[in-house]
Amino acid sequence: MEKFTAQDYQMQTYGGGLQGKRPLLTPLWKKMEELAYAKMEEGARSYINGGAGLGHTVDNNRNDFNKYRIVPRMLKNVEVRDTSTQVLGVDMAAPFFLCPVGVAEMVHPEGDLAIAKGAAPTGIPYIFSNQGSFPMEDCAAAMGETPHFFQLYWSKSRALVSSFVKRAEACGARGIVLTLDTTLLGWRTGDMDIAYLPFLLGKGIAQYTSDPVFRGLVEDEIAQEHPDLDKQSPKYKEVFGQTCAILFTKIYNNSSTTWDDLAFLRDQTSLPIILKGILHKDDAKLAVKYGMDGIYVSNHGGRQVDGSISSIAALPKIVKAIKKQIPIMMDSGIRGGADVFKALALGADAVGLGRPHIFALTLAGAEGVTEVIRHLQADFELTMALSGCKNVGEINRACIVKS
Ligand code: FNR
């Protein structure tokens, strides 16, 4: 992991200015977002930007951060600062990680592989998406010593669930993040408007096409539909590709899942299991009751339920209900160091950076991903120190007020 401090980074940037150099990425996240969307093709722009319905949840995610305000304390000697933390036994250079974001190939040919390469030198963990564009094994190899997790969607095929989990274990994942909020695809108005779903084009299904169980299911399907097709023929290859996309849409999610199904997952792995998409305190309590190892407060960046509570608004009640029994992660709306600080002050252990790392990937590939992580890390370090805290352990509820 490369040594990093906010002050070195600031001076390097300002020093570069003396030689006429600008930073690789703008730290103005709105500007970065605009530049990235301008560079994307229509489908990618819609898919990444998209919120469910009228987009109110997307707005709530940002607006609700401003309902909390930091109250900085002075003269606290913050000369020696440490942004590192540990969650579920995993060392993190700062209390944030990269969220699982599917179909990154829409904005960069190396997709999630480039994201892994960008995260590797930073010590910031990355959660690989179930909808990755590259097999998890390739991304794991690119991460080096920097930790990674695997995000799982509960498929209709239990054999496939099991296979994904075993592969994640084998390639060194530090936990399974089970996303609960996408048992059905939300009403994504932007994507519907342009009639665009990347999976139908065979994008974002690399975990499946690289999986022996899934490939077996595809072969069975072809044997039924085209019993006379020769496996060695070019036509078979073409039909195989089409069948992968179709079968994926049929089995990737499962709206009949209940809490009792978690026992199956628990039996498949000794890795920590973290439930992503928790917004209600009673669901958080159920997660503990069902032996889960972590909670991940999220509304999927506003892509699933329109008019939903924001993650930051949901957090306090969940923290109170959990009473530190298991760690709490959160995402949805994290854009700056102050957002990380506020979430930690409310009791989150770590937060996820979602869309911004995709903007960075769009604009500057793997180096852009490293850069956007550096920006958040520096911003967080300075916010923490200027608020009077030397390390993550000193951030608590007394650091903020509800405005
Ligand atoms: C996502 N998210 C997501 N979550 C997940 O569990 N599996 C996935 O494959 C995806 N894919 C995905 C694609 C795109 C384009 C986006 C924007 C988001 C949700 C993601 O993990 C995270 O919850 C949100 O991105 C957080 O919201 P913000 O901060 O990006 O607004």
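The rules behind the values
- Residue positions are given per chain, counting from 1 as you read along its sequence in written order.
- Only residues with pLDDT of at least 70 are given local features in this predicted model, and only at 80 or more are side-chain atom pairs given and counted; all residues enter the totals for whole chains, interfaces and linings.
- No hydrogens and no water enter the side-chain calculation; it runs on all heavy atoms of the structure.
- Helix and strand definitions here come from DSSP, where helices need a minimum of 4 consecutive H or I residues and strands a minimum of 2 consecutive E residues; each element is numbered from the N-terminal end.
- It is over C-alpha atoms that the radius of gyration is taken, and the globule rule equals 2.2 Å times the number of residues to the power 0.38.
- Only protein chains enter the calculation, and the probe is 1.4 Å; a residue is then buried if its accessible area is under 20% of its type maximum, exposed if over 50%, and partly exposed in between.
- Contacts were defined at the residue level, with two residues in contact if any of their heavy atoms lie within 4.5 Å.
- Accessible areas in this description were obtained via Shrake-Rupley with a 1.4 Å probe; residue shielding takes into account the shown protein chains only.
- Cavity means a closed set of points on a 1 Å grid over the protein atoms alone, one where a 1.4 Å probe fits but cannot get out, pocket means an open set with protein on both sides within 12 Å along at least 5 of 7 lines, and lining means a residue has an atom within 4 Å of a point.
- Grid points are joined across faces, edges and corners, and a volume is the space filled by probe spheres set on the points.
- Residue type decides the class: Asp, Glu, Lys and Arg count as charged, Ala, Val, Leu, Ile, Met, Phe, Trp, Tyr, Cys and Pro as nonpolar, and the leftover types, Gly among them, as polar.
- By convention in this text, a residue qualifies as near a molecule or strand provided that one of its non-hydrogen atoms is within 4 Å of it.
- What qualifies as a polar contact is a pair of N or O atoms within 3.5 Å, subject to a donor-acceptor requirement within protein and to the restriction that residues adjacent in sequence count only when both atoms come from side chains.
- Being in a pocket or cavity means that more than half of the molecule's atoms lie within 2 Å of its grid points.
- Within this document, salt bridges are pairs made up of a side-chain nitrogen of Lys or Arg and a carboxyl oxygen of Asp or Glu, the two lying within 4 Å of each other.

Asker: Any chance you could break down the overall build of the protein chain for me, citing the residues and the numbers?
Answerer: The secondary structure content of the protein chain amounts to 16 helices and 12 strands. Over its C-alpha trace the protein chain gives a radius of gyration of 21 Å, about what one expects of a compact globule, namely 22 Å for 403 residues. With respect to the principal axes defined by its C-alpha atoms, the protein chain has extents near 80 × 55 × 40 Å. Taking all 403 residues of the protein chain together, the buried fraction comes to 56%. Relative to all contacts within the protein chain whose residues are 6 or more apart in sequence, the contacts with residues 24 or more apart total 75%. If you sum the accessible surface of the protein chain, you get close to 17900 Å²; carbon and sulfur atoms cover 53% of it.

Asker: How would you sum up empty space enclosed by the protein? Please name residues and give values.
Answerer: Here the idea is plain: a probe the size of a water molecule rolls over the atoms and shows the empty space left. The final tally for this structure, using the stated rule, is two cavities of 30 Å³ or more. Contributions of two or more residues to the lining of the largest cavity are made by helix H3 (42-49) and helix H16 (355-386). Its residues placed into classes, the lining of the largest cavity shows 11 nonpolar, 13 polar and six charged. Empty space within the second largest cavity amounts to approximately 50 Å³. Together, Val87, Met92, Phe97, Pro125, Phe149, Met329 and Ala350 line the second largest cavity. A breakdown of the residues in the lining of the second largest cavity according to their chemical character gives seven nonpolar, no polar and no charged.

Asker: Lay out the layout of surface pockets in plain terms, naming residues and giving numbers.
Answerer: Its volume calculated, the largest pocket comes out at about 530 Å³. Residue assignment for the lining of the largest pocket shows that the elements contributing at least two residues are strand E7 (176-179) and strand E8 (273-278).

Asker: A description of the site of the ligand should follow, citing residues and the corresponding values.
Answerer: Looking at the ligand, there are 23 residues lining it, with Pro100, Ser129, Thr179, Asp331 and Arg355 nearest. The side chain of Lys276 places a nitrogen or oxygen atom 3.0 Å from an oxygen atom of the ligand. The protein chains hide 98% of the 610 Å² of surface that the ligand would expose on its own. Here the ligand is seated within the largest cavity. Partitioned by chemical class, the residues of the shell around the ligand number seven nonpolar, 11 polar and five charged.

Asker: Could you give an account of unusual backbone geometry, with specific residues and numbers?
Answerer: Even without being a glycine, Leu75 presents a positive backbone phi close to 50°. Relative to the assigned elements, Leu75 resides in the loop between strand E1 (68-70) and strand E2 (85-87). Note on Leu75: relative accessible area 91%, which makes it exposed.

Asker: Requested: an account of the pattern of salt bridges, with residues and values cited.
Answerer: One pass over the full model with this rule turns up 15 salt bridges. Of the charged contacts in the structure, one is a salt bridge between Arg374 and Glu2, with a shortest N-O distance of 3.5 Å. Here Arg374 is found in helix H16, whereas its partner Glu2 is found in the segment before helix H1 (6-18), with 372 residues between them in sequence. For Glu2, a relative accessible area of 48% translates into the label partly exposed. In this structure, Lys231 engages Glu219 in a salt bridge whose closest nitrogen and oxygen atoms are separated by 3.5 Å. Of the two residues, Lys231 sits in the loop between helix H10 (212-225) and helix H11 (234-251) while Glu219 sits in helix H10, which places them 12 residues apart along the sequence. The exposure class assigned to Glu219 is partly exposed, which follows from its relative accessible area of 31%. Shared partners join several salt bridges into a network, and the residues in it are Glu137, Arg167 and Asp211.

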